Amino acid sequence: MSSVVIIKDSFDELPKALAFIAASHRKVCIVTDENVSKLYAEPVISSVEALENHTFIYEIKPGESSKNPETVHCIYDFLIENRFNRDDYVIALGGGVVGDVAGFAASTFKRGLHFIQVPTTLLAMIDSSIGGKTGVNYHGLKNVIGSFCFPKLIYINKNVLSSLPEVERANGMAELIKTGILSSNGFNPEIEKCIDFKKLITAEDPDDEHKRHILNFGHTIGHALEEYYGYAQKHGQCVALGMICALDISASRGWISSELVDELRDVLAQNGLKTCIRIPDPLKISELCHSDKKIQNNRIQFILLKGMGNPVIAEDVTDEEILKSLEAINE
Ligand code: ADP
Ligand code: ZN
């Protein structure tokens with residue numbers, strides 16, 4: 001279940017990492033998107049071929065619109081056409097969309113091929129590539145079809161972040177700041193620290209039954225905001241606003257100081273994230289919180305804070321508290 005995680009500043013050690021997990025003399029399908037392919041397919045292909053593998057490349061269209069069962073079916077067709085078997089490998093080279101789609105295809109094709117993640121966005125490096133979740137959207141429902149699939153190898157080349165568009169960097173920064181708060185590593189933790197923390201929490205609760213829920217800090221209102229804006233606002237942006245609300249509720253309960261909320265706002269703004277947004281219908285947001293998939297026994301689950309590194313799972317947050325916290329982010 002546990003993955004080998006290698007974090008470097010280049011692809012130079014990818015052949016060695018592939019050799020370590022015995023990915024040689026096999027078929028390897030690199031699933032990537034058109035943007036990432038142009039930038040980074042070449043060094044990954046040479047690394048794979050250095051181990052005498054036979055490489056295939058499958059490109060998807062970039063972006064969330066590719067995260068659906070049709071894309072998975074096309075990958076199945078490609079694997080069937082090229083006679084892939086259970087001993088063969090799928091490498092996801094790209095952001096979270098590529099990782100989720102390729103991981104779901106790899107984990108279900110012939111009941112599971114070997115899977116490797118080479119994440120290229122900040123969000124995928126610290127969040128979606130770690131923890132073994134894959135999935136696609138279906139009939140407008142986010143991640144509603146998916147599987148647990150722990151990659152054999154996660155190879156991170158931090159240098160690829162130099163080409164990441166600013167808006168994608170900000171998207172990842174929201175989750176990085178979230179991890180810093182949860183792990184008590186400050187507001188700007190190193191990528192390595194974020195990965196260690198996610199690995200630790202995931203190992204304690206691989207099936208996402210309880211402990212792992214703390215990773216949903218900022219996500220209860222965050223998911224509601226994503227849905228409210230028809231997914232026109234990025235996930236990280238909505239989580240950023242959701243974290244302000246969660247801290248605002250924690251401060252109103254007297255658990256943390258209001259200065260901590262201000263500090264969070266400053267850090268988010270410095271990283272290109274909005275700290276307020278126009279919410280014409282706040283009641284709708286509290287309604288959407290009730291339909292969040294993390295809801296347990298009809299109680300909304302919130303991750304609140306009793307201090308840096310001290311998250312608590314709360315199931316007693318009232319609609320009044322939610323509405324009041326929305327005032328903290330409403331323009
Ligand atoms: P995530 O789900 O991790 O936020 P996506 O898979 O949706 O990310 O990718 C976001 C966008 O960034 C896509 O258009 C993708 O092609 C592009 N992208 C991914 N990694 C890089 C990179 N290292 N440099 C430039 N663009 C990238
Ligand atoms: Zn998230």
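For the structure, check the block above.
Since this is a predicted model, take the numbers as computed values, not measurements.

**Topic: empty space enclosed by the protein**
The tally for this structure, following the rule as stated, stands at 1 cavity of 30 Å³ or more. Size it by volume and the largest cavity reaches roughly 40 Å³. In terms of lining, the largest cavity is formed by Ile-126, Asp-127, Glu-175, Lys-178, Thr-179, Cys-194, Phe-197, Lys-198 and Leu-215. Going through the elements one at a time, α5 (122-128), α6 (166-183) and α7 (191-204) are the ones with two or more residues in the lining of the largest cavity. In the lining of the largest cavity, the residues fall into 4 nonpolar, 1 polar and 4 charged.

**Thoughts on the packing of helix α11 (residues 282-290) against helix α12 (residues 319-327)**
Two numbers describe how α11 lies on α12: the axes approach to 10 Å, and their chain directions differ by 130°. Judged on the interaxial angle alone, α12 and α11 are oblique. In terms of crossing hand, the pair formed by α11 and α12 is right-handed. Residues Pro-282, Leu-283, Ile-285, Ser-286, Cys-289 and His-290 of α11 pack against Asp-319, Ile-322, Leu-323 and Leu-326 of α12. Across the contact of α11 with α12, the residue classes break down as 7 nonpolar, 2 polar and 1 charged.

**What about the sheet that holds strand β1 (residues 4-8)?**
Taken in spatial order, the 6 strands line up as β1-β8-β5-β4-β2-β3 in an open sheet, and their pairing is parallel. Single-partner strands in this sheet number two, and they are β1 and β3 (54-60). Neighbour-to-neighbour, the strand axes of this sheet turn through a mean angle of 15°, independent of strand direction. Across the sheet, helix α2 (residues 34-49) lies against β2 (27-33), β3 and β4 (89-94), angled at about 160° from β2, the strand it touches most.

**Re the packing of helix α8 (residues 219-228) against helix α9 (residues 235-252)**
Between α8 and α9, the shortest axis-to-axis distance is 7 Å and the interhelical angle comes to 135°. With respect to each other, α8 and α9 are oriented oblique. The handedness of the crossing between α8 and α9 comes out as right-handed. Between α8 and α9, the contacting residues are His-219, Ile-221, Gly-222, His-223, Leu-225 and Glu-226 on the first element and His-235, Cys-238, Val-239, Leu-241, Gly-242 and Cys-245 on the second.

**Some words on the pattern of salt bridges**
Note that side chains of opposite charge can pair when their charged atoms are close. Using the criterion set out here, one finds 15 salt bridges in the structure. Where Glu-168 meets Lys-234, a salt bridge forms, and the shortest distance between an N and an O atom there is 2.9 Å. Of the two residues, Glu-168 is situated in helix α6 and Lys-234 in the loop between α8 and α9; the sequence distance between them amounts to 66 residues. Accessibility expressed as a relative area gives 31% for Lys-234, which makes it partly exposed.

**Re the site of ligand 1**
If you check the shell around ligand 1, you find 19 residues, and the closest are Asp-33, Gly-96, Thr-120, Thr-121 and Ser-163. Within the contact set of ligand 1, a nitrogen atom lies 2.8 Å away from a side-chain nitrogen or oxygen of Thr-120. Val-160 places a main-chain nitrogen or oxygen 3.0 Å from a nitrogen atom of ligand 1. Taken by itself ligand 1 offers 570 Å² of open surface, and the protein chains cover 89% of this. For the shell around ligand 1, the secondary-structure elements that each account for two or more residues are α2, α4 (96-108), α5 and α6. If you tally residues by element for the shell around ligand 1, the top one is α2, at 4 residues.

**So, a negative patch on the surface**
Among the surface-exposed residues, Glu-259, Asp-262, Glu-263 and Asp-266 lie close enough to one another that they form a single negatively charged patch. Secondary-structure assignment places Asp-266 in helix α10 (residues 258-270).

**A short note on a nonpolar patch on the surface**
Taken together, Tyr-138, Leu-141 and Val-144 make up a surface patch of nonpolar side chains, about 280 Å² in accessible area. Here Leu-141 lies in strand β7 (residues 141-148).

**Section: the nonpolar core**
Soluble globular proteins tend to bury their nonpolar side chains together. In terms of nonpolar packing, the biggest core is built from 82 residues, with Ile-177, Ile-221, Leu-225 and Leu-264 touching the most fellow members. Looking at this core element by element, the count peaks at 11 residues for α9. Not counting the four nearest positions on each side in its chain, Leu-264 is found in contact with Ile-177, Ile-181, Phe-187, Met-243, Ile-244 and Leu-247. Within the second largest apolar cluster, 24 residues are counted, among which are Ile-60, Val-72, Ala-92 and Ala-106.

**Comments concerning the coordination of the zinc ion (ligand 2)**
Taken together, the protein donors to the zinc ion (ligand 2) comprise Glu-175 (OE), His-219 (NE2) and His-235 (NE2), at separations of 1.9 to 2.1 Å. Read in sequence order, the donor residues coordinating the zinc ion (ligand 2) give the pattern E-x43-H-x15-H. Residue His-219 is found in helix α8, and its partner His-235 is found in helix α9; the two are separated by 16 residues along the sequence. With relative accessibility at 7%, the residue His-219 sits in the buried group.

Cut-offs used in this document
Residues numbered from 1 in each chain as written. Chains lettered and ligands numbered in written order. Predicted model: local features only at pLDDT ≥ 70, side-chain atom pairs only at ≥ 80, totals over all residues. Heavy atoms only, no water. 1 Å grid on protein atoms, 1.4 Å probe; cavity = no way out; pocket = protein on both sides within 12 Å on 5 of 7 lines; lining within 4 Å. Points joined across faces, edges and corners; volume = space filled by probe spheres on them. Helix = DSSP H or I, 4+ residues; strand = E, 2+ residues; numbered from the N terminus. Nonpolar A, V, L, I, M, F, W, Y, C, P; charged D, E, K, R; others polar. Axes fitted to C-alpha atoms, helices over the stretch in contact; angles between N-to-C directions. Parallel < 35°, antiparallel > 145°, perpendicular 65-115°, else oblique. Left-handed = near helix turned anticlockwise from the far one by under 90°. Contact = heavy atoms within 4.5 Å. Pairing = 2+ DSSP bridges. Salt bridge = Lys/Arg side-chain N within 4 Å of Asp/Glu carboxyl O. Buried < 20%, exposed > 50% of the residue type's maximum accessible area, 1.4 Å probe, protein only. Near = heavy atom within 4 Å. Polar contact = N/O pair within 3.5 Å; in protein donor to acceptor, adjacent residues only side chain to side chain. Areas by Shrake-Rupley, 256 points an atom, 1.4 Å probe, with all protein chains shown as cover. Patch = residues over 30% accessible without salt bridge, like charges linked within 9 Å, V, L, I, M, F, W, Y side chains within 5 Å. Lys, Arg positive; Asp, Glu negative; His and termini not counted. Charge placed at Lys NZ, Arg CZ, Asp CG, Glu CD. Core = buried A, V, L, I, M, F, W, Y, C linked by side-chain atoms within 4.5 Å. Donors = N, O, S within 2.8 Å, 3.2 Å for Na, K, Ca; no water.

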